[in-house]
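Here is how the chains run, residue by residue.
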Amino acid sequence: MTETLLSLVAEQGVFILFLTTFFSCLALPVPASLLMLTGGAFVASGDLSAAETFVACLLGAVAGDQTGFLLAQQIEKRLSGFLEKHPDSKSAMAKARVFSERWGGPGVFFSRWLFSPLGPYVNFTVGAAGVGWLRFTIWDLLGEITWVCIYLGLGFSFANQIESLSALLGNISGLLAALVVTMALGFALRRALHPPKKAKPAASKRP
Amino acid sequence: MIAGLQQLWNKHRLLLIAFSLACFLTLFFAARLVMFSLYWANPQHQFQPLAEWMPLRYAAYSWGVKPQEFASELGLKGPPGRGLTLGEIAQRQGLTLEQMAEKLQEIARRQSQ
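Everything quoted here is computed from the prediction, not taken from an experiment. (Residues numbered from 1 in each chain as written. Chains lettered and ligands numbered in written order. Predicted model: local features only at pLDDT ≥ 70, side-chain atom pairs only at ≥ 80, totals over all residues.)

(A) Quick peek at the overall build of chain B. Helices and strands together make up the secondary structure of chain B, namely 6 helices and 0 strands. Of the regular secondary structure in chain B, the N- to C-terminal order runs α-α-α-α-α-α. Against the 2.2 N^0.38 benchmark of 13 Å for 113 residues, chain B shows a C-alpha radius of gyration of 25 Å, more extended than a compact globule. By its C-alpha atoms, chain B is 75 × 30 × 20 Å across when sized along the principal axes. Within chain B, the fraction of its 113 residues that count as buried is 20%. The contacts in chain B between residues at least 6 apart in sequence include a share of 58% that link residues at least 24 apart. (Helix = DSSP H or I, 4+ residues; strand = E, 2+ residues; numbered from the N terminus. Rg over C-alpha atoms; globule rule 2.2 N^0.38 Å. Buried ≥ 20, exposed ≤ 12 C-beta atoms within 10 Å, placed from the backbone. Contact = placed C-beta atoms within 7 Å.)

(B) Quick look at the overall build of chain A. The helix and strand inventory of chain A stands at 8 helices and 0 strands. In chain A, the succession of α and β elements from N to C terminus is α-α-α-α-α-α-α-α. In terms of C-alpha radius of gyration, chain A reaches 21 Å, well past the compact-globule figure of 17 Å for 207 residues. Taken over 207 residues, chain A has a buried fraction of 42%. In chain A, of all internal contacts separated by at least 6 residues, the share reaching a separation of at least 24 is 80%.

(C) Fine view of the packing of helix 3 (residues 32-45) of chain A against helix 7 (residues 133-157) of chain A. Residue and element names in this part refer to chain A. Viewed as axis vectors pointing N to C, helix 3 and helix 7 meet at an angle of 55°, and their least axial separation amounts to 6 Å. With respect to helix 7, the axis of helix 3 lies oblique. Crossing of helix 3 against helix 7: the hand is right-handed. Between helix 3 and helix 7, the contacting residues are Ser33, Met36, Leu37, Thr38, Gly39, Gly40, Ala41, Val43 and Ala44 on the first element and Val148, Tyr151, Leu152, Gly153, Leu154, Gly155 and Phe156 on the second. Along the lines of polarity and charge, the residues of the contact of helix 3 with helix 7 split into 10 nonpolar, 6 polar and no charged. (Axes fitted to C-alpha atoms, helices over the stretch in contact; angles between N-to-C directions. Parallel < 35°, antiparallel > 145°, perpendicular 65-115°, else oblique. Left-handed = near helix turned anticlockwise from the far one by under 90°. Nonpolar A, V, L, I, M, F, W, Y, C, P; charged D, E, K, R; others polar.)

(D) Structural detail: helix 2 (residues 14-24) of chain A. Residues and elements named next belong to chain A. The element helix 2 is extensively covered by neighbouring structure, given that 8 of its 11 residues are classed as buried. Taken as a whole, helix 2 has its buried residues at Val14, Ile16, Leu17, Phe18, Thr20, Thr21, Phe22 and Ser24. Structurally, helix 2 contributes buried residues whose contacts are with helix 1 (2-12), helix 3 and helix 4 (50-85).

(E) A look at the domain arrangement of chain B. In terms of domain boundaries, chain B breaks down into domain 1 (2-45) and domain 2 (56-112). Just the C-alpha atoms count here: the centres of domain 1 of chain B and domain 2 of chain B sit 45 Å apart. (Domains from an automatic or database assignment.)

(F) Seen up close, the nonpolar core. The biggest cluster of nonpolar side chains holds 48 residues, and the ones touching the most others in it are Val9(A), Leu17(A), Met36(A), Leu37(A), Cys57(A) and Val148(A). Considering every element that reaches this core, the biggest residue donor is helix 3 of chain A, with 9 residues. Of all hydrophobic cores here, the second largest spans 19 residues; its members include Phe69(A), Ala128(A), Leu175(A) and Ala22(B). (Core = buried A, V, L, I, M, F, W, Y, C linked by C-beta atoms within 7 Å.)

(G) Expanded view of the interface of chain A and chain B. Listed as interface residues are 33 residues of chain A and, on the opposing side, 32 residues of chain B. Going through the elements one at a time, helix 1, helix 3 and helix 8 (162-193) of chain A are the ones with two or more residues in the side of chain A that touches chain B. Counting residues per element, the side of chain A that touches chain B draws most heavily on helix 8 of chain A, at 18 residues. Of the residues that constitute the side of chain A that touches chain B, the class distribution is 18 nonpolar, 11 polar and 4 charged.

Next up, the structure:
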């Protein structure tokens, strides 16, 4: 499949890059990193235009993120009545809202490029947890610009080694994502084992 | 520690399984990173062989050869078009990838002299 996609980038141009980044941001298994590196390499060799390649990759990624975010918002709206009725899911949603409110912006930014395998799931989570559209979009744009610049730039700079570079980068981002998830779960386990003590209610003053 | 694990297994089984899986994945990627680094540290493995998906310009660029020169060596007339792949050229000119690689090596040798 990868060979076919690479041929398609050569023959059909940047539209294939648009589709690839779009679907990768919806968690579909497409080799977006390799194709973006290839896009950068084709810019270096003069097969693609730099501006068109950048715009296509960025538009695809942002459109994919927006689709995931808005879809999660809609699903949350439909299910909110159901969730409110169940105390467990209600408190889980409340926790997710507090967490997203505090960490949603940087979470969106870093999951675009540094922990990119987590990106699509972060879109669904913050969309369902009620993070505002404008806030999501600003962090998303900044993160995706970083992602596209890094991958196209690396493809441009190491044009003759894109396949080995892609394998290496894919592995590094997989490692970082797995590490973040491990740390988060480790933290949750620690809390489960040693729950934080509840603050004692202040002693009421006697008249 | 064993008592703690027992407690987690009894009360938070799903969380413990998820954590173990995540640990395993982290170790897996870390081991792969070490293997990749060792593999690509060998200069012989950094060579990118020709493939059908490669456009002519890209193949020439990655071998440090002028695309125009490579095109004329392959028997193509005029400047090479954008996105013209080696697969298409192979069909049109009746050449194999090995023959194209030989021609590229020849040009690279000429250029270095």
